[in-house]
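Next come the chains, spelled out residue by residue.
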Amino acid sequence: MAYPPRAPVPVVVPPAPLPERPWSASAIEDFLGCPLRYWWRKVAGWQTPSTVPMVTGRAVHLALEHLLELPPDERLPERAEVFLAEAIASELAEAGPHIAEAEVTSGAEAAMAAYWQTEVPADIEVAPDGLEMTVEVPLRGLPFLGYIDRVAVVDTGLRVTDYKTGAPKPRYWWGYWRQQMLYAAALDALDSPVAEVELLYLKQPRAVTRPVYPAAVGRALAELETAQEQRAAMAEADTWEARPGPLCRYCDFASVCPSQRGRAPAPGSAESDAQLIEVGLTRREHAPTEGDLLDMLDDEGRS
Ligand code: SF4
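Residues numbered from 1 in each chain as written. Predicted model: local features only at pLDDT ≥ 70, side-chain atom pairs only at ≥ 80, totals over all residues.

### Brief notes about helix H2 (residues 35–43)
Judged by how many residues are buried, H2 sits mostly within the fold: nine of nine residues are covered. Among the residues making up H2, those that are buried are Pro 35, Leu 36, Arg 37, Tyr 38, Trp 39, Trp 40, Arg 41, Lys 42 and Val 43. Among the structural elements, strand E1 (9–12), helix H1 (25–33), strand E3 (46–47), helix H7 (214–237) and strand E9 (239–242) are those in contact with the buried residues of H2. Just beyond H2, the residue with positive phi is Gly 45, at close to 85 degrees. (Buried ≥ 20, exposed ≤ 12 C-beta atoms within 10 Å, placed from the backbone. Helix = DSSP H or I, 4+ residues; strand = E, 2+ residues; numbered from the N terminus. Contact = placed C-beta atoms within 7 Å.)

### Topic: the site of the ligand
Taken together, 14 residues are adjacent to the ligand, and Cys 34, Ala 242, Cys 248, Cys 251 and Cys 257 come closest. Grouping the amino acids of the shell around the ligand by side-chain chemistry returns 10 nonpolar, two polar and two charged. (Near = placed C-beta within 6 Å. Nonpolar A, V, L, I, M, F, W, Y, C, P; charged D, E, K, R; others polar.)

### Remarks on the pairing of strand E7 (residues 194–201)
Taking burial as the measure, the eight residues of E7 include six buried ones, the bulk of the element. In terms of handedness, the path from strand E6 (residues 157–164) via helix H6 (residues 173–189) over to E7 forms a crossover that is right-handed. As paired strands, E7 and strand E8 (residues 206–211) are joined by six bridges and run antiparallel to one another. Counterpart to Leu 200 in the pairing with E8 is Ala 207. Adjacent in sequence and paired antiparallel, E7 and E8 are bridged by four residues. (Right-handed = clockwise from strand over helix to strand, strands pointing away. Pairing = 2+ DSSP bridges.)

### Side note on the domain arrangement of the chain
Much of the literature gives interface size as the accessible area that the parts lose upon coming together. Taken as a whole, the chain is organised into domain 1 (9–48 + 238–301), domain 2 (52–121) and domain 3 (125–221). Here domain 2 and domain 3 have C-alpha centroids that lie 21 Å from each other. On the side of domain 3, 14 residues touch domain 2, which itself brings 15 residues to the contact. Elements with a minimum of two residues in the side of domain 2 that touches domain 3: helix H3 (52–69) and helix H5 (101–118). Tallying contributions element by element places H3 first for the side of domain 2 that touches domain 3, with nine residues. (Domains from an automatic or database assignment.)

### Quick word on the packing of H1 against H6
Contact pair H1 / H6: the axes reach a minimum separation of 10 Å and the direction vectors enclose 145 degrees. Where H1 crosses over H6, the two elements pack in a sense that is right-handed. Along its contact with H1, which presents Ala 25, Ser 26 and Glu 29, the element H6 presents Gly 175, Gln 179, Leu 182 and Tyr 183. (Axes fitted to C-alpha atoms, helices over the stretch in contact; angles between N-to-C directions. Left-handed = near helix turned anticlockwise from the far one by under 90°.)

### Things to note about the environment of Pro 17
By the element assignment, Pro 17 lies in the loop between E1 and strand E2 (23–24). With 8 C-beta atoms counted inside 10 Å, the residue Pro 17 sits in the exposed group. In this structure the C-alpha to C-alpha distance between Pro 17 and Val 60, which are 43 residues apart in sequence, comes to 35 Å.

### Structural notes on H6
The end-to-end C-alpha separation of H6 is 24 Å, in line with the 24 Å expected for 17 residues at 1.5 Å each. For H6, the complete set of buried residues consists of Arg 178, Gln 179, Gln 180, Met 181, Leu 182, Tyr 183, Ala 184, Ala 185, Ala 186 and Leu 187. Here the buried face of H6 lies against H1, strand E4 (125–139), strand E5 (142–154), E6, E7 and H7. Once H6 ends, the next one or two residues include Asp 191, with phi positive near 65 degrees. (Expected span 1.5 Å × (residues − 1).)

### Points about the nonpolar core
Counting residues in hydrophobic clusters, the biggest one holds 42 residues, and the most contacted among them are Leu 182 and Ala 184. Top element by residues in this core is H6. It accounts for seven residues. When near neighbours in sequence (up to four residues on either side) are disregarded, Leu 182 contacts Ala 25, Leu 139, Phe 144, Gly 146, Ala 220 and Leu 224. (Core = buried A, V, L, I, M, F, W, Y, C linked by C-beta atoms within 7 Å.)

### Things to note about unusual backbone geometry
Trans peptide bonds make up most of the peptide bonds, and negative phi angles are found at most residues other than glycine. Although it is not a glycine, Asp 129 sits at a positive phi angle of roughly 55 degrees. As for its placement among the helices and strands, Asp 129 is situated in strand E4. Take Asp 129: there are 9 C-beta atoms within 10 Å of it, and that puts it in the exposed class. At Glu 132, a position not held by glycine, the phi torsion is positive, near 50 degrees. Here Glu 132 shows up in strand E4. Note on Glu 132: 20 C-beta atoms within 10 Å, which makes it buried.

And the structure:
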């Protein structure tokens, strides 16, 4: 069903400093999707509980990481099966009992079955340190952090791959590619130029590859700069834009969002916070540690 676009709504929030950590590619996507949602998550520190798709995505990513760590001739379905079972068990244990084990297991097994239809893992030449790679580098003078699923060596050079365990969503394609182009820019800044980027969809098995065009990288970097300027201006004014759209249907903050409820309590007020706690959200009360940061990247990037 089409979701009618609505005008952005300026929302006043209590003063709060911007996060000091580098801006991750997925946080940039978060901000561009809806700055107010970004404010709740990244500035006010609200954390959303794990969901079945998140746990499924993390388990599949972990199993694929272990599979591709093996020598090529040992990357076999039976090894993947064991890695997946172990990954499901560890991710379920971490997520807690509210997650339905059967749903995670069936989703993860379906994704792994789809994986074997998209590529031959024995043919993948993983670049040195190319699995679950963290890159931190300034882009256009802005601190940037990327968490890359896989970097491989292909005929044309390096290829960055992102696993997607959710269904392809054509309306978000440029967002996916923007993220990939920022990874390419980050690796280029680290003297590892990337020739192509790839999205490996594991729900409806499909691999989509694109060359890294300078124009596409330039567009992604320009949008990063614009997002940075908009974020600074919103923080300065303590007024963040709610951007109602298709994401609202899945947004954990919809029940207290002024764009969705005319009589919603002011974001950041005791009443708004109490309602968020009631719907199962928790709030980080300290500056994020390195471990928190990796958890956040996990949550953001692995679905
Ligand atoms: S409900 Fe929609 S407009 Fe409100 S914060 Fe969430 S995504 Fe943004």
